[in-house]
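Chain and residue survey
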Amino acid sequence: MTTHALKSAAAPEAERPAALRRGPGPLARAVDTTLGRGLIQAAAVAVFFAAWEIAVDAGWLTEFLVGAPSGIWRVFRASLMDGSLAVDTWYTLVEAILGFVIGTALGSLAGLGLWYSVLVARVVEPFIVAINSVPKIALAPIVILWFGTGFVSKVALAVSLTALVALIAAYQAARDADPDLQALMASMGATKNRIFRSVIVPSTLPAIIGMFRINIGFALVGAVVGEFISSQRGLGHLIYNASSLYDLNTVWVGLFVLMFVGFVLYHVIDVVERRILPWRQVSTAGGIQV
Amino acid sequence: MDPTPTPDSSADPKTAPVQLALRGIRKSFQAKAGPVPVLDGLSFDIHERDFVSIIGPSGCGKTTVFNVIAGLLEPDAGTMLFRGRPVPGLRGRVGYMMQKDLLFPWRTVLQNVMLGLEMKGTDPREATDTARRYLAQFGLGGFENAYPKTLSGGMRQRAALIRTLIMDPDILLLDEPFSALDYQTRLYLEGVLLDAVERFGKTVVLVTHDIDEAVALSKRVVVLGGRPSRVKNVHAIELGDRSPIGARSDPRFSEYFHTLCGELDIQTRAGSASTARAEAA
Ligand SMILES: Nc1ncnc2c1ncn2[C@@H]1O[C@H](COP(=O)(O)OP(=O)(O)OP(=O)(O)O)[C@@H](O)[C@H]1O
Ligand SMILES: [Mg+2]
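Residues numbered from 1 in each chain as written. Chains lettered and ligands numbered in written order. Predicted model: local features only at pLDDT ≥ 70, side-chain atom pairs only at ≥ 80, totals over all residues. Heavy atoms only, no water.

Along the backbone of chain A there are 14 helices and zero strands. Each helix (α) and strand (β) of chain A, taken in turn from the N terminus, gives the series α-α-α-α-α-α-α-α-α-α-α-α-α-α. Residues counted as buried form 38% of the 290 residues belonging to chain A. Considering only residue pairs separated by 6 or more positions, chain A has 73% of its internal contacts joining residues 24 or more positions apart. When the accessible surface of chain A is summed, it comes to about 17,000 Å², and 70% of that surface belongs to carbon and sulfur atoms. (Helix = DSSP H or I, 4+ residues; strand = E, 2+ residues; numbered from the N terminus. Buried < 20%, exposed > 50% of the residue type's maximum accessible area, 1.4 Å probe, protein only. Contact = heavy atoms within 4.5 Å. Areas by Shrake-Rupley, 256 points an atom, 1.4 Å probe, with all protein chains shown as cover.)

All names here are of chain B. The coordination sphere of the magnesium ion (ligand 2), as far as protein atoms go, consists of Thr 63 (OG1) and Gln 99 (OE1), spread over 1.9 to 2.3 Å. A residue pair is termed long-range when its members are at least 10 positions apart, and Thr 63 in helix H1 (residues 62-69) and Gln 99 in the loop between strand E6 (94-97) and helix H2 (109-113) qualify at 36 residues. The exposure class assigned to Gln 99 is partly exposed, which follows from its relative accessible area of 40%. (Donors = N, O, S within 2.8 Å, 3.2 Å for Na, K, Ca; no water.)

Looking now at the sheet that holds strand E8 (residues 203-207) of chain B. All names here are of chain B. Overall, mixed pairing links the six strands, which are arranged E6-E7-E8-E3-E9-E10 in an open sheet. If you trace the sheet from one side to the other, it starts and ends with E6 and strand E10 (230-236), each paired once. In this sheet, adjacent strand axes meet at a mean angle of 15 degrees when their direction is disregarded. Note that strand E3 (residues 51-55) and E8 share four bridges and pair parallel. If you follow Phe 51 over to E8, its bridge partner there is Val 204. On top of the sheet, helix H6 (residues 183-200) reaches E3, strand E7 (171-175) and E8; it is set at about 135 degrees to E3, its chief contact. (Pairing = 2+ DSSP bridges. Axes fitted to C-alpha atoms, helices over the stretch in contact; angles between N-to-C directions.)

So, on to unusual backbone geometry. All names here are of chain B. Non-glycine residue Arg 49 carries a positive phi angle of around 60 degrees. Residue class for Arg 49 comes out partly exposed when judged on its relative accessible area of 24%. Phi is positive for Asp 168, close to 60 degrees, though the residue is something other than glycine. For Asp 168, the location among the structural elements is in the loop between helix H5 (153-166) and E7. On the accessibility criterion, Asp 168 (29% relative accessible area) is partly exposed.

Our next topic: the interface of chain A and chain B. Each partner contributes to the interface: chain A provides 22 residues, whereas chain B provides 24 residues. Where chain A abuts chain B, roughly 2,100 Å² becomes buried across the two surfaces, and 73% of that area is made up of carbon and sulfur atoms. On the chain A side of the interface with chain B, the three residues burying the most area are Ser 187, Met 188 and Trp 279 of chain A, jointly 31% of the side's total. Scanning the region where chain A abuts chain B turns up two salt bridges. Measuring nitrogen to oxygen at the nearest pair gives 3.7 Å for the salt bridge that ties Arg 194 of chain A to Glu 118 of chain B. Contributing elements (two or more residues each) for the side of chain A that touches chain B: helix H11 (179-187) and helix H12 (192-229) of chain A. Here the side of chain A that touches chain B takes seven residues from H11 of chain A, the largest share from any one element. Here the residues of the side of chain A that touches chain B are counted per class, giving 12 nonpolar, six polar and four charged. (Buried area = accessible area lost by both parts, 1.4 Å probe. Salt bridge = Lys/Arg side-chain N within 4 Å of Asp/Glu carboxyl O. Nonpolar A, V, L, I, M, F, W, Y, C, P; charged D, E, K, R; others polar.)

So, about the pairing of E8 of chain B. Residues and elements named next belong to chain B. A large share of E8 lies buried, amounting to five of its five residues. Side chains of E8 alternate between two faces, with Thr 203, Val 205 and Val 207 and Val 204 and Leu 206 buried alike. Sheet topology places E7 next to E8; five bridges connect them, and they run parallel. In the sheet register, Leu 173 faces E8, and the bridge partner there is Val 205. Handedness of the crossover joining E7 and E8 through H6: right-handed. (Right-handed = clockwise from strand over helix to strand, strands pointing away.)

In structure tokens form, the structure reads like this:
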């Protein structure tokens, strides 16, 4: 009854500033639990596939051109049973992860390293911008030429797609690091290396980890496009082959598995972020709804 | 640490040897419309074990002086002598508490406070003990593992002050260290600061907007004024008891207070300067 009393007392004050009254309503708050959200999401997926299947059955869509959920499921089960799907997924996953790790590490280190010398940074900046403005996927034929049609060329392609993104993100973050914190360290007599370790690295971590999310996507693009061009294995190979045979259901299997892989990797980064950046989760204004 | 001071040097700042001398420091900043002069040939001395307050209107260049002393800004002209020897700045010799409570957001309170000890290579266990002791004394016990973002402004300021004191440098540069605190905490921490610098024989240079605080804590007060700034006057403060409360109850306290108020007034309201002077006298 206390709440009731409070409510009626507050009622005449309906003209309060909007910011104080906003936030989710009672229904939104009741549904907004892990279970509630999961149910809504599952329902959305079910409706989508059911509509697709019905549309194909009714003849509104041609299965030949768009595939059908039932067919996709059959292909999925068969390729899972004979182990071919696992092999293809494994190839693409390893290519992408290796490309991601190598490209991101090289790029981040180079980008952070540019913090050490304003001169070098200024000299190389136009070159970085120029190289970055080339759609890097256009390099794919050359990369295949240089690194062959095997595993290495896919990794190389993923590296070429991720390295420059990492470099630019790391360099910008290092440049934006709080000058006052650096000044404070300098007044304590800190060396440049010390400032790098104690200020630059930790303050660029949020941006660098944010860039991981983008680069996971790029690494997958590199691996898959490499497989499109020439390969015997991998999800890109699976998709490319199937589409040239008009086997749409197999194409969809490849796409959904890719989606799943990207989704999982994205969440792995979320976990890494929470572990590495606990201080980002807190704030005195943390619980305020706007 | 202090090689030269005579035993009674802390008693009379005028007889203590000069630790840091500023001579004709000039500094201007580049603005769109051209250079803006801020410091116009600043000269003053800081003695061994001195406690000097710098007061002056907002924007007169107090923080700039600190940045020059700390070796973060190069003056356009002028020299600094540290114990008689010309130095470009005092990097590594000062504990600088900046005007904004500058804590490392990714470090906990304990880790923030330990920064200086870490840099000196103090044994981690010993450093942790020292840091915990300071935190308790400054009313931050129990917040060792909190991140700065979750602290109040006053708590952040205290953490920044501890970080500066704990390093045990020759000279402490404190830029408005108590501005975010309530009066009670402020008096308490003023006492803690006085005790600490007295006990360890430190030199303190304090920037404050609080004339009351300047008189209560300082041995000398440097008044800056004009545009660009020069040293208007240096006042020796001689009070019997230099504790926050004791000093404020000394009969000479209000005399100093009025003199300094009058002196600051001159720059803002030229007309009332003479009346303020007359009142003070
Ligand atoms: N990096 C800078 N670039 C340009 N102008 C600056 C810079 N730093 C300070 N100034 C100018 O120099 C003047 C003095 O600044 P400073 O911060 O030293 O003042 P202050 O006496 O500490 O003021 P307050 O009491 O408000 O802290 C101001 O007018 C300010 O605008
Ligand atoms: Mg200032």
